Amino acid sequence: MNLLQWKHVVAAAVVLGVTFPRLAAESISGQVVHALTGNPLRRVTLTAKRVDGKGEPATTQVDEYGRFVFQNLAAGGYLLSGERNGFDRQIHGSRSNPNTGTVLAVKDGQPVTGVVFRLFPNAVLSGRVLDADGEPMPNVGVRVFRRQFYNGKRDWYPAGGVQTNDRGEYRVSGLRAGRYLVCAVDYSSGFDMPGATNGPLPESPDRVNAATFYPGTTEPERAAPVAIARGEDRRGIDIQLIKGTAVRVRGRVTGEAASAMLAVGLRPTTVMQAMLAAGRGALIQPGERTFEISGVRPGSYVLTVQSMRDAPVVSAFLPIEVGEQHIDGVELPLSEGIEIAGSVLFEGGAKGTLVRLGTESSLAGVIAGPANERGEFKLKGVHSIPYRVYVADLPPGAYLRTVKLNGQIIDPGNVSFSPGAKLEIQLGKTSAELKGVVLGADETPFAGATVVLIPQSGRAALYRTAISDQEGTFLIKNIAPGRYKALAWEDLEPEAYRDPEVVKPVEDRAVHVALEENGRSEVKLNVIPMTKE
């Protein structure tokens, strides 16, 4: 809305007898409108949050004409967010990255007026799910996947899901603009099969309703993505389920069995498969050793066993590929795991620092142990699977410098342990800082840019990000010393900066910096403009 349009709004309000509140010098005021119709929106909750993170966010409600005002704000740059029923939380001016948007600059003695916040309604996908004979399928799961970045990889990740109603209809709301894969999953299919048997397995696999992607395929690579615009109500995305196979996995546990009940489970190895595969498993009663899991669909899994209740903790993990035939004779050796001893080295002592071991997709949960007054810790129940090493509750100003296993520096993101392993964690005492300014094409300060500090080592834990404020400036603290390259994007999907294919085309815009302990550096970055699709 330009100045002339805003004057028309004011004039109309005067005619209707509407009065505007008296504005303080440091304030933000404007109106929230429906992004698709332009009509004022009521019952919207707004929040103004400083870009530099200082102070508490301010919150207000719009009036019956969608107008709002934030009074008595401290000078600085603010991001404005809004939400109401039927409209998920959005940031004013956001584009590809829903976490950033237009920075509103509040200066001493100068109110910010005439802000028009265009709030988009939730985008919606809807349709029906039918069985192989064309009959409506009630109580079927519908899952949607959006292609986005996570841990440096772009793939299809869950974005929403619902169950069909008694007429086989579904409606998935709260979606962002983008392209989606839509899949129908009959989670109940296969659960009515007989339980474990002592006789021979059937010669052929069982027939079940397969996870079916729109418009009609069991393979995600052959699915047709559904494009949806901001606020769009996309209808008629109907899916007819396809018949597929399900098999049985039979085996036994070996070694020292627990005296209590054991839980056997199959965990998918991909995020999409985990969303589409119903939890399959079996229970082994005390004193028994055999198990049989039915209704297992083809794919890559990890077969797990863990003790239940108050019994001694025993576990087993075995990667397994499930195809079109039943699997028999699997053996799972039970183990209580091993104990890992280690130390946290830090000048001044590291008591209370928490050392954690995590696994991919939380396969074996998290193992944690605090360092004592001498910096020593112990981790029990560690198995022969890859772990990631984390540290938490660090002393003030500390950072993770190196991780050593048996005296050798290792990648903390992929560690396997053997009996007698010694873990040594070295913390650095004084981290570095980087401040700078982001400039636009006309060499003027650029507000709202995503600033990324990319480590030369590639270690995921060392990436740092910031948002440039109303003056185009930014400050990044608690940086581990080392070599980095700094880049600033006008607009960027979350975590896209961890994909080398995204960074490579703009390498020439990077500023290379070398940061030392307790170092302070400054850079000037030219913003990378938003790409037009």
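Residues numbered from 1 in each chain as written. Predicted model: local features only at pLDDT ≥ 70, side-chain atom pairs only at ≥ 80, totals over all residues. Heavy atoms only, no water.

Across its full length, the protein chain holds 3 helices and 40 strands. Each of the 533 residues in the protein chain was classed as buried or not, and the buried ones make up 46%. Intrachain contacts of the protein chain at a sequence separation of at least 6 include 70% that bridge at least 24 residues. Within the structure as shown, the protein chain displays about 27,200 Å² of accessible surface, and the carbon and sulfur contribution to it stands at 48%. (Helix = DSSP H or I, 4+ residues; strand = E, 2+ residues; numbered from the N terminus. Buried < 20%, exposed > 50% of the residue type's maximum accessible area, 1.4 Å probe, protein only. Contact = heavy atoms within 4.5 Å. Areas by Shrake-Rupley, 256 points an atom, 1.4 Å probe, with all protein chains shown as cover.)

Let us now look at the nonpolar core. Formed by 27 residues in total, the largest nonpolar core has its most connected members in Val344, Leu357, Leu379, Val382, Phe417, Leu423 and Ile425. Taken together, the elements giving at least two residues each to this core come down to strand 26 (338-345), strand 27 (354-358), strand 29 (376-382), strand 30 (388-392), strand 31 (399-405) and strand 33 (422-428). (Core = buried A, V, L, I, M, F, W, Y, C linked by side-chain atoms within 4.5 Å.)

Turning next to the sheet that holds strand 29. Pairing in this open sheet of 5 strands is mixed, and the strands run 29-26-33-31-32 from one edge to the other. Taken across any chain shown, the strands that pair with only one partner, and hence form the sheet edges, are strand 29 and strand 32 (408-409). In this sheet, strand 32 lies alongside strand 31 in antiparallel orientation, the contact comprising 2 bridges. By the bridge assignment, Leu405 is partnered in strand 32 with Gln408. (Pairing = 2+ DSSP bridges.)

Before going further, it helps to spend a moment on the pairing of strand 22 (residues 290-296). Among the 7 residues that make up strand 22, 6 are buried, leaving the element largely enclosed by the rest of the structure. Note: strand 19 (residues 242-254) against strand 22, 5 bridges, orientation antiparallel. Paired with Val249 across the bridge in strand 22 is Ile293.

Residue Pro215 is reached from Tyr214 by a cis peptide bond, and omega for that bond is 5°. Checked against the element boundaries, Pro215 lands in the loop between strand 15 (212-213) and strand 16 (226-228). Positive phi, normally seen in glycine, also occurs at Glu443, with a value near 65°. For Glu443, the location among the structural elements is in the loop between strand 34 (432-439) and strand 35 (450-455).

Aromatic ring pairs are defined here through the distance separating the ring centres and the angle between the ring planes. A full pass over the atoms with the stated rule returns 3 aromatic pairs. Aromatic side chains Phe68 and Phe70 sit 6.1 Å apart centroid to centroid with 65° between the ring planes, which places their arrangement in the edge-to-face category. When its relative accessible area of 3% is taken as the criterion, Phe70 is described as buried. On the basis of an interplanar angle of 35° and a centroid distance of 5.8 Å, the ring pair of Tyr463 and Tyr497 is categorised as tilted. Here Tyr497 lies in the loop between strand 38 (482-489) and helix 3 (500-503) and Tyr463 lies in the loop between strand 35 and strand 36 (464-467), a separation of 34 residues in the sequence. A relative accessible area of 16% places Tyr463 in the buried class. (Phe/Tyr/Trp six-rings, centres within 6.5 Å; stacked < 30°, edge-to-face > 60°.)

Turning our attention to the pattern of salt bridges. Opposite charge on two side chains permits them to pair, given that their charged atoms come into close proximity. Throughout the structure, instances matching the rule amount to 17 salt bridges. The closest approach of N and O atoms between Arg250 and Glu292, which form a salt bridge, is 2.9 Å. Residue Arg250 is located in strand 19, and its partner Glu292 is located in strand 22; the two are separated by 42 residues in the primary sequence. Owing to a relative accessible area of 12%, Arg250 belongs among the buried residues under this scheme. (Salt bridge = Lys/Arg side-chain N within 4 Å of Asp/Glu carboxyl O.)

This next bit is on the environment of Ile228. With respect to the helices and strands, Ile228 occurs in strand 16. By relative accessible area, which is 5% here, Ile228 ends up buried. Separated by 51 residues in sequence, Ile228 and Ala177 have C-alpha atoms that sit 5.5 Å apart. In contact with Ile228, other than residues within four places in its own chain, are Ala123, Val124, Leu125, Arg176, Ala177, Gly178, Tyr180 and Arg234.

The next point concerns the sheet that holds strand 30. The 3 strands lie next to each other as 28-27-30, forming an open sheet whose pairing is antiparallel. Strands at the two margins of the open sheet, each flanked by one partner only, are strand 28 (367-370) and strand 30. The average angle at which neighbouring strand axes cross in this sheet is 20°, direction not considered. Note: strand 27 against strand 30, 5 bridges, orientation antiparallel. The residue bridging Leu357 from the neighbouring strand is Val389, located in strand 30. (Axes fitted to C-alpha atoms, helices over the stretch in contact; angles between N-to-C directions.)

So, about the confidence of the model for the protein chain. Considering every residue of the protein chain, the mean pLDDT works out to 85; 90% of them sit at 70 or more. Within the protein chain, strand 18 (residues 239-240) carries the highest mean pLDDT (97), whereas helix 1 (residues 3-15) carries the lowest (44). Every residue in residues 1-22 is under pLDDT 50, and counting partners more than four places away or in other chains gives 19 contacts. Here residues 190-195 scores under 50 on pLDDT; set against residues more than four positions off or in separate chains, the count is 17 contacts. (pLDDT = per-residue confidence, 0-100.)

So, about the environment of Leu175. Within the fold, Leu175 resides in strand 12 (residues 169-175). Residue classification places Leu175 among the buried residues on the basis of a relative accessible area of 7%. Distance from Leu175 to Val124, taken between C-alpha atoms, is 6.3 Å for residues 51 residues apart in sequence. Ignoring anything within four residues of it in the chain, the contact list for Leu175 reads Ala123, Leu125, Val144, Ala159 and Tyr180.

A few words on the side chain of Asp186. Mapped onto the secondary structure, Asp186 falls in the loop between strand 13 (178-185) and strand 14 (206-210). Buried charge without a salt bridge: Asp186, with Arg297 as the nearest opposite-charge side chain at an N-O distance of 6.0 Å. Among the polar contacts made by the side chain of Asp186, one reaches the side chain of Asn209 at a distance of 2.8 Å. (Lys, Arg positive; Asp, Glu negative; His and termini not counted. Polar contact = N/O pair within 3.5 Å; in protein donor to acceptor, adjacent residues only side chain to side chain.)

Below, the discussion takes up the environment of Val249. Within the secondary structure, Val249 sits in strand 19. Those residues within four positions of Val249 in sequence are excluded, and the remaining contacts are Leu266, Phe291, Glu292, Ile293, Val296, Ile320, Val322, Ile327 and Val330.

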